[in-house]
Amino acid sequence: MSRVAIVGGGWAGIAAAVALADAGHDITVFEMAPQLGGRARSVAGEPPYDNGQHILIGAYRDSLALMARLGVDASRVLKRLPLALPYPGEPGLRLPPGSPLIAFTRGVLAHRGWPWSARLGLLMAAGGWLARGFRCDASLSVADLCAGLPAAVKRDLVEPLCVAALNTPAPQANAQVFLRVLKDALFSGPGSADLLLPRRALSELLAGPATVWLGERLRLATRVQRIEPGWRVDGEAFDAVVLACTSVEAARLTAELAPAWSATAGALGFEPIITVYLSSPGSALASPMLALREGPDAPAQFVFDHGALGGAPGRFAFVVSGAAAWVERGGCAEAVLAQARREIDWATPPVIDKVLTEKRATFACTPGLQRATGRIAPGLWAAGDYIAGPYPATLEGAVRAGLAAAQGVGADAGAGTGAKGAASGSPTNTP
Ligand SMILES: Cc1cc2nc3c(=O)[nH]c(=O)nc-3n(C[C@H](O)[C@H](O)[C@H](O)COP(=O)(O)OP(=O)(O)OC[C@H]3O[C@@H](n4cnc5c(N)ncnc54)[C@H](O)[C@@H]3O)c2cc1C
């Protein structure tokens, strides 16, 4: 058994902590905030608000397994719906149940809002992606990849999916990562494309149960200031450390220990997400989630009906992903309100309830992006949604990075290259 420090208690840190504890290590989790959950947490309100609307999909295998490990019944906290992208007054694309490939083909063919040429154009493009193993040149943007697709398909499917999954607008988004998301969501096992919408406050999905599970092993409101080789966390000795904090903090903590790794982690750009909560007592959407058409005066790409999801009745979360331009321009909430009034029928006039702006919601997932690796040095690992991997910044990417770091710590311990290895040699600088 070794003593392992986990710095950061978001979904990556929780995943690493649980895996390490299950493997018999003596863990301590340091979290600078007064609660666990990181970006995926609830914030004060009655009932609580989510720190930004989150959705999971059926392909989030490791996140769902982690929730189950902590005793969370996914069917109680998440509403599972077959993938559908309805717009106000339009049924949009709907995937019927069944084998993913057949469901996708049937769903596209049945999309009455698109002309036949658009439906066939999408199926031919998807067939090409499938034939090429969902791989493409690393320098391509999503807009490049989809340049030949019919305009309606780009507008109603590619652009909203891209900004929802990668939080980066299609002209600047990494096509390789987009294809990998499509592959896992649309073309892996049955149910992988299903939408899993939180029916409870976000912290109930993982952070709350993890807080109880960790108990005394958790140190909240404790910001780690310094890591020294050997390993020492603010002077306290550990055999290994998992940096599960944000990329910015991981870069700061490793600036002297591993400058090359630190530079890669510190070089990431970010994209904001703005969540505008509107209140309209007595109103309900036609579906718990609707896609919206983004435009110069229409910031939101999606809206969620929290009443329909089992949360606060009359509360609606409008999501503005890839929101850099709106952060700079200002006036996003008022523009969302005007968009909502134009596009949706309300029982009572909606009003702005709460606005949450996460300026560093996710890293900007651009073509040719360099991402830091999980291994920093023997006994020093990093975990987080920004770590190199097939996924964009998502809950599942964070959980997988946490599990990989836990495995790495275990392998180091087995090979005798934890604290002792690091103490006898210098930490590696190359990722
Ligand atoms: C508004 C919004 C909407 C999103 N929507 C979705 C979605 O629909 N689906 C999806 O899959 N993903 C979504 N995401 C992304 C998802 O929230 C993140 O990918 C995920 O939460 C990242 O987890 P993490 O553990 O890597 O990092 P974080 O959640 O950032 O956790 C890092 C933790 O480290 C702590 N910390 C930092 N420095 C220190 C230090 N020095 N000492 C101690 N603790 C420290 C922080 O306080 C934080 O708790 C969304 C994100 C936002 C912001």
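Structural data are supplied above this passage.
Let me sum up the structure you'll find in this document. (Residues numbered from 1 in each chain as written. Predicted model: local features only at pLDDT ≥ 70, side-chain atom pairs only at ≥ 80, totals over all residues. Heavy atoms only, no water.)

Section: the overall build of the protein
Working step 1: Along its length, the protein carries 15 helices and 21 strands.
Working step 2: Radius of gyration (C-alpha) of the protein: 22 Å, near the 22 Å computed for a compact globule of 431 residues.
Working step 3: Seen through its principal axes, the protein has C-alpha atoms that stretch 65 × 50 × 40 Å.
Working step 4: Split into buried and exposed, the 431 residues of the protein put 54% on the buried side. (Helix = DSSP H or I, 4+ residues; strand = E, 2+ residues; numbered from the N terminus. Rg over C-alpha atoms; globule rule 2.2 N^0.38 Å. Buried < 20%, exposed > 50% of the residue type's maximum accessible area, 1.4 Å probe, protein only.)

A short note on the site of the ligand
Working step 1: The ligand sits among 36 residues. The nearest are Glu31, Ile55, Tyr60, Glu249 and Asp385.
Working step 2: Backbone polar atom of Ile55 to an oxygen atom of the ligand: 2.7 Å apart, as the coordinates give it.
Working step 3: One of the backbone N or O atoms of Leu395 is found 2.9 Å from an oxygen atom in the ligand.
Working step 4: Bound to the protein, the ligand loses 94% of the 1,000 Å² it would expose on its own.
Working step 5: At the level of secondary structure, the elements contributing two or more residues to the shell around the ligand comprise α1 (11–22), α10 (247–254), β19 (351–363) and α14 (395–415).
Working step 6: In terms of residue class, the shell around the ligand is built from 16 nonpolar, 13 polar and 7 charged.
Working step 7: Taken together, domain 1 (3–68 + 202–268 + 369–424) and domain 3 (270–363) each give at least three residues to the shell around the ligand, which thus spans both. (Near = heavy atom within 4 Å. Polar contact = N/O pair within 3.5 Å; in protein donor to acceptor, adjacent residues only side chain to side chain. Areas by Shrake-Rupley, 256 points an atom, 1.4 Å probe, with all protein chains shown as cover. Nonpolar A, V, L, I, M, F, W, Y, C, P; charged D, E, K, R; others polar. Domains from an automatic or database assignment.)

A word on the pattern of salt bridges
Pairing is possible between side chains that carry opposite charge, provided their charged atoms lie close to one another.
Working step 1: Counted by the stated rule, this structure contains 17 salt bridges.
Working step 2: Linking Arg252 and Glu249 is a salt bridge whose minimum nitrogen-to-oxygen distance equals 3.0 Å. Of the two residues, Arg252 and Glu249 both sit in helix α10, 3 residues apart, roughly one turn of that helix.
Working step 3: A salt bridge links Arg400 to Glu396, with the nearest nitrogen and oxygen atoms 2.9 Å apart. (Salt bridge = Lys/Arg side-chain N within 4 Å of Asp/Glu carboxyl O.)

Considering the sheet that holds strand β11 (residues 227–228)
Working step 1: Within the open sheet, the 3 strands sit side by side as β11-β12-β13. Their pairing is antiparallel. Among the strands making up the open sheet, the edge pair consists of β11 and β13 (236–237).
Working step 2: The pairing of β11 with strand β12 (residues 232–233) spans 2 bridges and is classified as antiparallel. In the sheet register, Glu228 faces β12, and the bridge partner there is Arg232. (Pairing = 2+ DSSP bridges.)

Observations regarding the nonpolar core
Working step 1: Met67, Ile227, Val242, Leu243, Trp261 and Tyr386 are the most contacted members of the largest nonpolar core, which has 125 residues in total.
Working step 2: Counting residues per element, this core draws most heavily on α1, at 9 residues.
Working step 3: Grouped together as the second largest cluster of nonpolar side chains are 21 residues, Leu278, Leu285, Phe318 and Ile344 included. (Core = buried A, V, L, I, M, F, W, Y, C linked by side-chain atoms within 4.5 Å.)

Quick notes on the packing of aromatic side chains
Working step 1: Following the criterion strictly, the structure yields 4 aromatic pairs and no others.
Working step 2: Ring centres of Tyr49 and Tyr277 lie 5.0 Å apart, and the angle between their planes is 65°; this geometry places the pair in the edge-to-face category. Of this pair, Tyr49 sits in strand β4 (residues 49–50) while Tyr277 sits in strand β15 (residues 270–279), and the two are 228 residues apart along the sequence. Accessibility assignment for this pair places Tyr49 and Tyr277 in one class, buried.
Working step 3: Taking the centre distance of 6.4 Å and the plane angle of 40° together, the rings of Phe318 and Trp346 count as tilted. Linking Phe318 in strand β18 (residues 315–320) with Trp346 in the loop between α13 (332–343) and β19, this pair joins segments that are 28 residues apart in sequence.
Working step 4: Ring-pair connections join several aromatic residues into one group, and the members of that group are Phe316, Phe318 and Trp346.
Working step 5: Positioned above the aromatic ring of Tyr277, the side-chain terminus of Arg315 is 5.9 Å from the ring centre. (Phe/Tyr/Trp six-rings, centres within 6.5 Å; stacked < 30°, edge-to-face > 60°. Lys NZ or Arg CZ within 6 Å of the ring centre and 35° of its normal.)

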